[in-house]
Amino acid sequence: MSTKKPKVEITIPVYNEEEELEKNITILSNYCEKNLSMYDWHITIADNASTDNTPVIAATFAKKNSRISLLRLEQKGRGRAVKKSWSNSHADFCVYMDLDLSTDLFHLPTLIKALQKGYDIAIGSRLAKGAKVEGRTIIREITSRALNFFFIQIFFNTHFTDAQCGFKAVTKNVVENLIPKIQDNSWFFDGELLIVGEKSGYKIYEVPVHWVDNPGSTVRLMTTIFGDIKAMSRLLITKPWQKNYGRS
């Protein structure tokens, strides 16, 4: 008697990634073929308003491989892309990761297994004990630690160590009940998800990861910082976790 495999949705948000898309989606797909055989996995390339050949390349992948699909959005925003992809999915577990694959894929099964053990959210952390980070500039390291400790942990009294690592997984319950309450559509989507999630009683599991910096990253540091501060100010004022977003 065969048992039904748990479904896993892996979302890759992209914006103007024509140079890395084909290579890295191939790497990810090959990894899943070899290491996620116990799951019914699927990859969604969530293109948020790319102006280059990204959607064309993604559409070609989708035609060749039934486990890969393209989701095209006409508005920019990593958070918007991830939320839309996850909300469209009927998977038991939803994952997202950055296309650059800076986080070693070795950690992917650990995220999913944590959810199977009862955690609601599982995240990769570059700042947890045991993590290994390579090639990161001093300014980005200082900025990351300041944001996660001085702004998030102190102001919100949270316990997770790394809100920004693009390597996260959530349960279907989180997608259905918490994700619709997350307002940020940009880079602080992660932070808002974890802050509101922890303070609403959702259980978070952290995986110390091996992470290698991508020199070609399109993240704009100062723009991202200002956006994060604006989003945190909104959360401090509105305190959405007080509106009964707790796990059901």
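To start, this report covers the structure provided alongside it.

Conventions used here
Residues numbered from 1 in each chain as written. Predicted model: local features only at pLDDT ≥ 70, side-chain atom pairs only at ≥ 80, totals over all residues. Heavy atoms only, no water. Helix = DSSP H or I, 4+ residues; strand = E, 2+ residues; numbered from the N terminus. Buried < 20%, exposed > 50% of the residue type's maximum accessible area, 1.4 Å probe, protein only. Contact = heavy atoms within 4.5 Å. Areas by Shrake-Rupley, 256 points an atom, 1.4 Å probe, with all protein chains shown as cover. Lys, Arg positive; Asp, Glu negative; His and termini not counted. Charge placed at Lys NZ, Arg CZ, Asp CG, Glu CD. Expected span 1.5 Å × (residues − 1). Pairing = 2+ DSSP bridges. Axes fitted to C-alpha atoms, helices over the stretch in contact; angles between N-to-C directions. Arc of directions from axis to C-beta. Salt bridge = Lys/Arg side-chain N within 4 Å of Asp/Glu carboxyl O. Core = buried A, V, L, I, M, F, W, Y, C linked by side-chain atoms within 4.5 Å.

Helices and strands together make up the secondary structure of the protein chain, namely eight helices and nine strands. Once the C-alpha set of the protein chain is aligned to its principal axes, its extents read approximately 50 × 45 × 35 Å. Expressed as a percentage of its 248 residues, the buried residues of the protein chain come to 51%. Of the contacts formed within the protein chain by residues at least 6 apart in sequence, a portion of 80% connects residues at least 24 apart. Of the roughly 12,100 Å² that the protein chain leaves accessible, carbon and sulfur atoms contribute 53%. Distance between charge centroids for the protein chain: 5 Å, based on 33 positive and 27 negative side chains.

In this model, helix α5 (residues 138-156) (19 residues) spans 25 Å end to end at C-alpha, consistent with the 27 Å of a helix rising 1.5 Å per residue. Just past α5, the residue Asn 157 takes up positive phi, approximately 55°.

If you walk across this open sheet you meet the seven strands as β3-β2-β1-β4-β7-β5-β8, and the pairing is mixed. For this open sheet the edge positions go to β3 (68-73) and β8 (204-208), each flanked by a neighbour on one side alone. Between one strand axis and the next, the sheet turns by 20° as a mean value, whatever way the strands run. Sheet analysis places strand β1 (residues 7-14) next to strand β2 (residues 40-48), joined by eight bridges and oriented parallel. Among the inter-strand pairings, Lys 7 is bridged to a residue of β2, identified as Asp 40.

This next bit is on helix α1 (residues 21-35). Note: α-helices contain 3.6 residues per turn, so residues at a spacing of three or four share the same orientation. In a regular helix each residue adds 1.5 Å, so 15 residues correspond to 21 Å; α1 covers 21 Å between its end C-alpha atoms and thus fits that length. Along α1, the residues that are buried comprise Leu 21, Asn 24, Ile 25, Leu 28, Ser 29, Tyr 31 and Cys 32. Taken around the axis of α1, the buried residues stretch over an arc of 160°, which confines them to a single face. The exposed set on the far side of α1, more than 90 degrees from its buried face, consists of Glu 22, Lys 23 and Lys 34. Taken together, the buried residues of α1 touch β1, β2, α2 (54-64), β3, β4 (93-97) and α4 (108-116).

Glancing now at the side chain of Asp 190. Looking at the secondary structure, you find Asp 190 in helix α7 (residues 189-199). Under the relative-accessibility criterion, Asp 190 is labelled buried at 0%. Not counting chain neighbours up to four residues away, the residues in contact with Asp 190 comprise Arg 78, Tyr 96, Ala 163, Cys 165 and Lys 168.

Okay, the environment of Phe 155 next. Inspection of the secondary structure assignment puts Phe 155 in helix α5. Each C-alpha atom, one on Phe 155 and one on Leu 236, is 8.0 Å from the other, the two residues being 81 residues apart in sequence. Once residues within four sequence positions are removed from consideration, Phe 155 is found in contact with Phe 150 and Leu 236.

Time to look at the pattern of salt bridges. Per the counting criterion, the structure on display carries 11 salt bridges. Note that Asp 190 is salt-bridged to Arg 78, the shortest N-O span being 2.5 Å. Here Asp 190 is found in helix α7, whereas its partner Arg 78 is found in helix α3 (residues 78-88), with 112 residues between them in sequence. Comparing Asp 190 with Arg 78 shows no difference in burial state: the two are buried. The shortest N-O distance in the salt bridge between Arg 126 and Asp 162 comes to 2.8 Å. Highlighted residues: Arg 126 in the loop between β5 (121-125) and β6 (132-134) and Asp 162 in the loop between α5 and β7 (167-171), separated in sequence by 36 residues. Comparing Arg 126 with Asp 162, the two get one shared label, buried.

This paragraph deals with the nonpolar core. Grouped together as the largest cluster of nonpolar side chains are 36 residues, with contacts concentrated most on Ile 10, Ile 12, Met 97 and Leu 108. Of all the secondary structure elements, the ones that give two or more residues to this core are β1, α1, β2, α2, β4, α4 and β7. Setting aside residues no more than four positions away along its own chain, Ile 12 makes contact with Ile 25, Leu 28, Ile 43, Thr 44, Ile 45, Ala 46, Met 97 and Leu 99. Ranked by size, the runner-up nonpolar core spans 30 residues in total, among them Ile 123, Val 175, Ile 179 and Ile 182.

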